[in-house]
Structure formats: structure tokens, C-alpha cells
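This is what each chain is made of:
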Amino acid sequence: MSTSAHPSADAIRTGPTVTDRLVEANERYAAEFTDPGMDARPVLRVAVVACMDARLDLHAALGLELGDCHTIRNAGGVVTDDVIRSLTISQRALGTRSVMLVHHTNCGLESLTEDFRHELEDEVGQRPAWAVEAFRDVDQDVRQSMQRVRTSPFLLHSDDVRGFVFDVTTGLLREIDPA
Ligand SMILES: [Zn+2]
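Residues numbered from 1 in each chain as written. Predicted model: local features only at pLDDT ≥ 70, side-chain atom pairs only at ≥ 80, totals over all residues.

A. How the structure looks around the pairing of strand E3 (residues 98–104). A large share of E3 lies buried, amounting to five of its seven residues. Pairing of strand E1 (residues 46–51) with E3, which is carried by five bridges, proceeds in the parallel orientation. Residue Ala50 lies in a different strand from E3, and its bridge partner there is Val102. Where E3 meets strand E4 (residues 161–166), six bridges bridge the pair, whose relative direction is parallel. Looking at the pairing, Met100 lines up with Arg162 of E4. (Buried ≥ 20, exposed ≤ 12 C-beta atoms within 10 Å, placed from the backbone. Helix = DSSP H or I, 4+ residues; strand = E, 2+ residues; numbered from the N terminus. Pairing = 2+ DSSP bridges.)

B. Region of the structure containing the nonpolar core. Counting residues in each nonpolar core, the largest one holds 28 residues, and the members touching the most others are Ala47, Val49, Val99, Leu101 and Val149. Elements with a minimum of two residues in this core: E1, strand E2 (69–74), helix H4 (81–92), E3, helix H6 (138–150) and E4. The element best represented in this core is E1, accounting for five residues. Once residues within four sequence positions are removed from consideration, Val99 is found in contact with Ala47, Val49, Leu87, Val149, Asp160 and Val161. (Core = buried A, V, L, I, M, F, W, Y, C linked by C-beta atoms within 7 Å. Contact = placed C-beta atoms within 7 Å.)

C. View of the environment of Ser152. Relative to the helices and strands, Ser152 is located in the loop between H6 and E4. A count of 18 C-beta atoms within 10 Å places Ser152 in the partly exposed class. For the pair formed by Ser152 and Val165, sequence separation is 13 residues and the distance between their alpha carbons is 22 Å.

D. How the structure looks around helix H5 (residues 115–124). By the criterion of burial, H5 is predominantly exposed, with just zero of the 10 residues buried. One or two residues past the end of H5 sits Gly125, with phi positive at roughly 80°.

E. View of H6. In a regular helix each residue adds 1.5 Å, so 13 residues correspond to 18 Å; H6 covers 18 Å between its end C-alpha atoms and thus fits that length. All buried positions along H6 are accounted for by Asp141, Val142, Ser145, Met146 and Val149. Seen end-on, H6 carries its buried residues on one side only, within an arc spanning 140°. (Expected span 1.5 Å × (residues − 1). Arc of directions from axis to C-beta.)

Quick look at the structure:
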């Protein structure tokens, strides 16, 4: 990391932080906002599980509107126990039926390995309980993610689970055959 591109902590404290900018943007947003009068149940009855990648604008890429879907994001769009927790609540308490998984090209997890955990242990004296969930083959990672959703005993609906790779250079989705 280049230090010149990152002001020191002291410099950050003297000026507005990025969070201050976001809070200001929210004031402008709220000034234009009118209560949509929506219920919490997603209109399209779909939950989208996606990578947190900053280049993936899910709502724009999928033509989603406010209120349409549940969005569950983490590093890699990995189907962890916590993602299953959210999907279970999404389906059982809030009526969704379909699950869409979105991984993408050029993911940060492709350049990591499980050594990341051991390096953390060397640095801080404690190995995290969680897996890094690094992968080499994005298609295979989508396939195994679909499997994790389909085989979860907690979900009510596992018949409509589809997985995709979003190309960060073209904006196009490519569907992954589950077989
Ligand atoms: Zn990613």
C-alpha cells in the first residue's frame, strides 16, 4: 500500500472523513425521499447472494428496484452458515422462494489461499475459526455454492437456485450449469 495515497490518521481526523461524506449524501437522499409504503416482504420473492466487490452494482446490473429482493453480500458471495441463516429467515419469515448466486471475474478470493489464516495466526497469535473460502476456479465455486443452498435442511424452497458469474469488464452475467 502506498502511503502517499493515504493520508495519515491525523490528517483524516482534521477533515471530513469518508463516513462524513456518506452522511451528507444521506441528507440529500432523505430530502427527496417519500415513504414507499412497502412491506418488508420482497416484491419479487427472490434473495440474491453476491460478492461484496465494489464493481458489482447489483440493483443496476439486475434491473432491481427498491423493495424487489433481499441482498446478502460478503467476500466472495460465499454460502457460509451466516448466509444460510439469512436465507432461512428470508424464506421462512419473509416469503422469498428463489435464490440467485452471483460471483464475478477477477475476485479477490482467487488470489488468496487458506495460508491467509496461518499468516493471521503468525501476526496476531490467534487463528480465525472461519475459513477463507479462497478458490481457484470460479465456475466450480459457484457450483459448490449452489449445492450448499440446495442441500440445506433449513430452507423451504431449493428448486429455484441458479448461479452466475458477473464479468466486471462487460457487465454481463454468465450462467453456471449446476451439473
Ligand atoms: Zn469478489
